[in-house]
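Structural description and commentary
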Amino acid sequence: MQRLVIIGDSAAGLAAIEAIRSRDRRSQVTLIAAEDHLPYSRVMLTYLLAGKVSRDELFLHGPDWYRQTGVKALTGRRAVAIDTRRREIVIEPARKSHRVPYDRLLIATGALAQRPVLPGIDLPGVFCLRDLDDAVAILQYAGTLGPHAGAVFLGGGPVCLQALTALADRGMKVTLVVRSAAIFSQLADAYTAGLAAKVLRRNGVRVLTNAEPVGIEARSQRQAAGLAVHLRSGQRLATDLVIIGKGTQPNTELARGTDITTDVGILVDETMATSAAGVYAAGDVTQATHCVTGRKVCYGTWTNACDQGRVAGLNMIGCRTEWTGGLNRNVTTLFGNTLGSVGVLQPGGSDRGGGDGRTLHHYVDPRRRVSRRLIFRDGRCDGAVVWNACDDLGVLSWLISTRHDCSGCEERLTRGETTLGDTLRRGLAGVLRAPRWKY
Ligand SMILES: Cc1cc2nc3c(=O)[nH]c(=O)nc-3n(C[C@H](O)[C@H](O)[C@H](O)COP(=O)(O)OP(=O)(O)OC[C@H]3O[C@@H](n4cnc5c(N)ncnc54)[C@H](O)[C@@H]3O)c2cc1C
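Remember, it's a predicted structure, so these values are computed and weren't measured experimentally. (Residues numbered from 1 in each chain as written. Predicted model: local features only at pLDDT ≥ 70, side-chain atom pairs only at ≥ 80, totals over all residues.)

A few words now on the packing of helix α1 (residues 11-23) against helix α7 (residues 302-316). One way to put it is that α1 packs onto α7 with a least axis distance of 7 Å and a crossing angle of 40 degrees. When the interaxial angle is binned, α1 and α7 end up oblique. Once α1 is placed against α7, the crossing between them reads as right-handed. Counted together, Ala11, Ala12, Gly13, Leu14, Ala15, Ala16, Ile17, Ala19 and Ile20 of α1 and Trp302, Ala305, Cys306, Gln308, Gly309, Arg310, Ala312, Gly313, Leu314 and Met316 of α7 form the full contact between these two elements. Broken down by class, the residue content of the contact of α1 with α7 amounts to 14 nonpolar, 4 polar and 1 charged. (Axes fitted to C-alpha atoms, helices over the stretch in contact; angles between N-to-C directions. Helix = DSSP H or I, 4+ residues; strand = E, 2+ residues; numbered from the N terminus. Parallel < 35°, antiparallel > 145°, perpendicular 65-115°, else oblique. Left-handed = near helix turned anticlockwise from the far one by under 90°. Contact = placed C-beta atoms within 7 Å. Nonpolar A, V, L, I, M, F, W, Y, C, P; charged D, E, K, R; others polar.)

Bringing the sheet that holds strand β7 (residues 104-107) into the picture now. Reading across the sheet, the 5 strands line up as β3-β2-β1-β7-β19 and stay open at both edges, with parallel pairing between neighbours. For this open sheet the edge positions go to β3 (71-75) and β19 (279-281), each flanked by a neighbour on one side alone. Going across the sheet, the axis of each strand differs from the next one's by a mean of 15 degrees, ignoring polarity. Of the pairings in the sheet, the one linking strand β2 (residues 28-33) to β3 comprises 5 bridges and is parallel in character. Within the sheet, the bridge partner assigned to Ala33 lies in β3 and is Thr75. (Pairing = 2+ DSSP bridges.)

Grouped together as the largest cluster of nonpolar side chains are 67 residues, with contacts concentrated most on Phe153 and Leu176. No other element matches helix α5 (residues 158-169), which puts 7 residues into this core. Residues in contact with Leu176, not counting those within four places in the same chain, are Phe153, Gly156, Leu164, Ile183, Leu200, Val205, Val207 and Leu208. Residues Leu31, Ile260, Ala312 and Met316 belong to the second largest nonpolar core, which totals 52 residues. (Core = buried A, V, L, I, M, F, W, Y, C linked by C-beta atoms within 7 Å. Buried ≥ 20, exposed ≤ 12 C-beta atoms within 10 Å, placed from the backbone.)

Taken together, 34 residues sit near the ligand, with Gly8, Ser10, Gly110, Gly283 and Thr301 positioned nearest. Of all elements in the fold, only α1, β2, α2 (45-49), β4 (78-83), α5 and α7 reach the threshold of two or more residues within the shell around the ligand. Per-class residue counts for the shell around the ligand are 16 nonpolar, 12 polar and 6 charged. Formed jointly, the shell around the ligand draws a minimum of three residues from each of two domains, domain 1 (3-112 + 249-316) and domain 2 (126-246). (Near = placed C-beta within 6 Å. Domains from an automatic or database assignment.)

Rendered as structure tokens:
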């Protein structure tokens, strides 16, 4: 009987367990999970902040799920080391270190919020938002503040946009501070980011670009008595709450000192195998092939983590499956507007394309407040940034990921005029020729 061990019980780890159990009820599956919660949706944390869902609504499975799935769950236990030669994992906390043997191992340890080195970063009232405990701590702290308290967001990472609107919806006075000239560079090109910035400002969010924080100080010794963020320009921003939104970094700590090769994340092949025998990795911890550029990149999306987890799980039980590359895809609402983006966000060289052979097709309809920027190369769509007309984002993602030839349809696609039926009729043959999953 095979001993399968999974570290991390979020998107990637859970998808791996489901894939394993869909074909194999016999192998012994052990899950090691540092958080002492039932599995929950990280994606919904900003909805919790906005007061749109309760804490209980975040949980993906009930307490019986592990037993029903035949998984030995070691929750609230952190893996601290992997011995790839002896095929053992060391876990804590325990009275004495505890070792878990494995035949196949999946590292699904996700990512950590980036915490800049800044004086005052550890003060009460300064938070990151990565897990349930962070969200609960922010809500508890915000509950001690007055109705019109202020929040400063440092950095414009993808999560930041959602968290920022959540706190603004709660009536907080929000300031966004980014070092670059444009906001949300991981979600949009500079043009669309400009539209987003205008909407934020119109809705009372103060947006400071080209602004570098150099420190945070407590305005008094009392908790919840206020903070001040100092910028390099000399400006001082009085606030009650600071949220660090600088993005994430893959949590590769367990690979350190082993033969598991890392770059920014853990490097994996198309089966999600790492360089160490019997060891797989999936989700935000990895660096894996991008289906447009072919480069190894780090993803930070739930769907990619699930896809990778599923592929890893099947390969762990000897069912060869290939991951043909992923796409970064995001959809976010912003004060009644929708920002959607997928794939390559802007052509290299100039704004109209150039250096990398990509061309930009841009459609604007000011009456409907719509902007659609699609990027093509050799008739294939490489990416899209869409403002307020996102209904076909799924179709665009599909065209991009299947590398479908869209020659002649560029303008219609950019204007959002190609119907799903149209696209399917033209695309079905391409999809059948290039299946994403190979079992
Ligand atoms: C607030 C927020 C909003 C988001 N919104 C979206 C969205 O709208 N759409 C989207 O696609 N994505 C969104 N994401 C990103 C998405 O949640 C992640 O891409 C996804 O959770 C990655 O899943 P994962 O399984 O790779 O890792 P994670 O979800 O990071 O989980 C890793 C797990 O491993 C555990 N772990 C780590 N180290 C150890 C160890 N040594 N021992 C034991 N356990 C360990 C961690 O405690 C954690 O529970 C959001 C993320 C956040 C934080």
